[in-house]
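Chain by chain, the residues:
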Amino acid sequence: MGTKTNYILAIESSCDETSASVIANGKVLNNIIATQSVHEKYGGVVPELASRAHQENIVPVVQEALDSASISKSELSAIAFTRGPGLMGALLVGVSFAKAMAQALDIPLIEVNHMQAHVLAHFIEDPKPTFPFLCLTVSGGHTQLVKVNSALDMQVIGETRDDAVGEAFDKTAKLLGLPYPGGPLIDKYAKEGNPKAFDFPVTRMPNLDFSFSGIKTAVLYFLKEQLQGNPDFIQENLFDLCASIQYTLIEMLRIKLVQAAKETGIRQIAIAGGVSANSGLRKTLELEAKKRNWELFIPKFEYCTDNAAMIAMAAHFKYLEGEFSSLEVTPLAKMKI
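Q: What is the right way to look at the pattern of salt bridges in this model?
A: Should the charged atoms of two oppositely charged side chains come close, the side chains can pair. What the rule picks out here adds up to eleven salt bridges. Because the salt bridges share partners, they merge into one network encompassing Glu 251, Arg 254, Glu 288, Lys 291 and Arg 292.

Dropping the structure here:
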């Protein structure tokens, strides 16, 4: 007799991506994502519109995940969902759906911390880090340095005191007149520019913490001053501005990551979250890894942004430990690792 296959359906709805994934005994079978373009014209995610889009997308997305895994819902062993952190209305859609489905099928429910899941995205495909490792988690809402002792034991050793690095990218992009989301555009234009063209301040915080609100203010005043003398300053210097802003933001991340690696003595270094898709950051860390003899782990692009495959992977580890939720569980907009 073969061992029973445990299929877990995972649902992610923390922000503006509705995603579902099926994992079988730790192997991710698919990663279905419905993105929402409705927010672009508003220059940021509108929570009410995000919730409505999740409501429209969740049934077809879950159905597609089951179909592409070639299983029926009766074969599922558990349902996993993102409990937080995230937008309350968006989380509610996923949590309510997961609770109702788990209750209807009479199978366990697994709550997942979105930030832990970003870290565990590294276990979806090879190569995989070994414990303990350091993970720099960088996204629109979070910037954290995490010491990962095991799949379910993580310790935040440094985090941002204000803006996350993803916000800093998007907010400075807005000052340059770039459309939302501006982070990927800064990355694109930075490739054509000189990172040393303009000197922006690197904020130094105590210990392993970060601060990104200062660069936004510095860029704002710098542009104000330059535009008074030359109204076309941004258009004429766009590539150099993007390269200089990106260089400064990455430098702040690099300095703290190097410090954390020295303090902990850990050489296994991972990067996770939406900003880990930034090509400048990847390149900088690859050079740093060579220089410092680190083993560097960077997930595939599709596992960097919000996705259900990482929720499924986190759920797999919790399932093995029998860590299930009650039907009374409610979403949390803020949630610590």
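Q: Looking at this structure, I do not really get the sheet that holds strand β9 (residues 153–159). What am I missing?
A: Whether parallel or antiparallel, the strands of a sheet pair through hydrogen bonds between backbone atoms. Read across the sheet, five strands follow the order β9-β8-β7-β10-β11 without closing on themselves; strand pairing throughout is mixed. Unpaired on one side and paired on the other, β9 and β11 (295–297) mark the two borders of the sheet. Adjacent strand axes in the sheet meet at a mean angle of 25 degrees, parallel and antiparallel pairs treated alike. Bridging between strand β10 (residues 268–272) and β11 involves three bridges; their strand directions are parallel. Within β11, the position partnered with Gln 268 by the bridge is Glu 295. Against the sheet, helix α7 (residues 233–264) contacts β7 (133–138), β8 (143–150), β9 and β10, and its axis sits at roughly 160 degrees relative to β7. Strand contacts of helix α8 (residues 279–292): β7, β10 and β11, with the helix running at about 160 degrees to β11, the strand carrying the most contacts.

Q: Hey, could you run me through the packing of helix α5 (residues 183–190) against α7 in this one?
A: Relative placement of two packed helices is described by the angle separating their axes and the distance separating the axes. Following both chains from N to C, one finds α5 and α7 inclined at 110 degrees, their axes separated by 8 Å at the closest point. Here α5 lies roughly perpendicular to α7, going by the angle between them. Along this stretch, α5 crosses α7, giving a crossing that reads as left-handed. Where α5 approaches α7, its residues Ile 186, Asp 187, Tyr 189 and Ala 190 are matched on the opposing element by Leu 238, Phe 239, Cys 242, Ala 243, Ile 245 and Gln 246.

Q: So what exactly am I meant to see when it comes to unusual backbone geometry here?
A: Note: most residues except glycine have negative phi, and most peptide bonds are trans. Of note, the bond from Gly 84 into Pro 85 is cis; its omega dihedral lies within 30 degrees of zero at -10 degrees. Within the secondary structure layout, Pro 85 lies in the loop between β5 (76–84) and α2 (88–105). Of note, the amide linkage connecting Phe 131 to Pro 132 takes the cis form, showing an omega dihedral of -5 degrees. Its place among the elements puts Pro 132 in the loop between α3 (114–120) and β7. A positive phi angle is found at Ser 70, which is not glycine, with a value near 55 degrees.

Q: In this structure, what is going on with the side chain of Ser 276? I would like to understand it.
A: Its location among the elements puts Ser 276 in the loop between β10 and α8. There is a polar contact of 2.5 Å between the side chain of Ser 276 and the backbone oxygen of Gly 273. Apart from the residues lying within four places of it in its own chain, the contact partners of Ser 276 are Val 138, Ile 271, Leu 281, Arg 282, Ile 298 and Cys 304.

Q: I'm lost on the packing of aromatic side chains in this one. Help?
A: Any pair of aromatic rings gets described here by the distance separating the centres and the angle formed by the planes. Under the definition given, this model contains eleven aromatic pairs. Their ring planes at 50 degrees and their centres at 6.1 Å tell us that Phe 123 and Phe 133 sit as a pair that is tilted. In this pair, Phe 123 sits in the loop between α3 and β7 while Phe 133 sits in strand β7, placing the two residues ten residues apart along the sequence. The two residues Phe 123 and Phe 133 agree in class, both being buried. Taking 5.7 Å as the distance between ring centres and 65 degrees as the angle between the ring planes, the aromatic pair formed by Tyr 319 and Phe 324 counts as edge-to-face. Clustering of aromatic rings is evident, with ring pairs tying together Phe 123, Phe 131, Phe 133 and Phe 317. A cation over a ring is seen here: Arg 282 above Phe 301, with NZ or CZ 4.2 Å from the ring centre.

Conventions used here
- Residues numbered from 1 in each chain as written.
- Predicted model: local features only at pLDDT ≥ 70, side-chain atom pairs only at ≥ 80, totals over all residues.
- Heavy atoms only, no water.
- Salt bridge = Lys/Arg side-chain N within 4 Å of Asp/Glu carboxyl O.
- Pairing = 2+ DSSP bridges.
- Helix = DSSP H or I, 4+ residues; strand = E, 2+ residues; numbered from the N terminus.
- Axes fitted to C-alpha atoms, helices over the stretch in contact; angles between N-to-C directions.
- Contact = heavy atoms within 4.5 Å.
- Parallel < 35°, antiparallel > 145°, perpendicular 65-115°, else oblique.
- Left-handed = near helix turned anticlockwise from the far one by under 90°.
- Polar contact = N/O pair within 3.5 Å; in protein donor to acceptor, adjacent residues only side chain to side chain.
- Phe/Tyr/Trp six-rings, centres within 6.5 Å; stacked < 30°, edge-to-face > 60°.
- Buried < 20%, exposed > 50% of the residue type's maximum accessible area, 1.4 Å probe, protein only.
- Lys NZ or Arg CZ within 6 Å of the ring centre and 35° of its normal.

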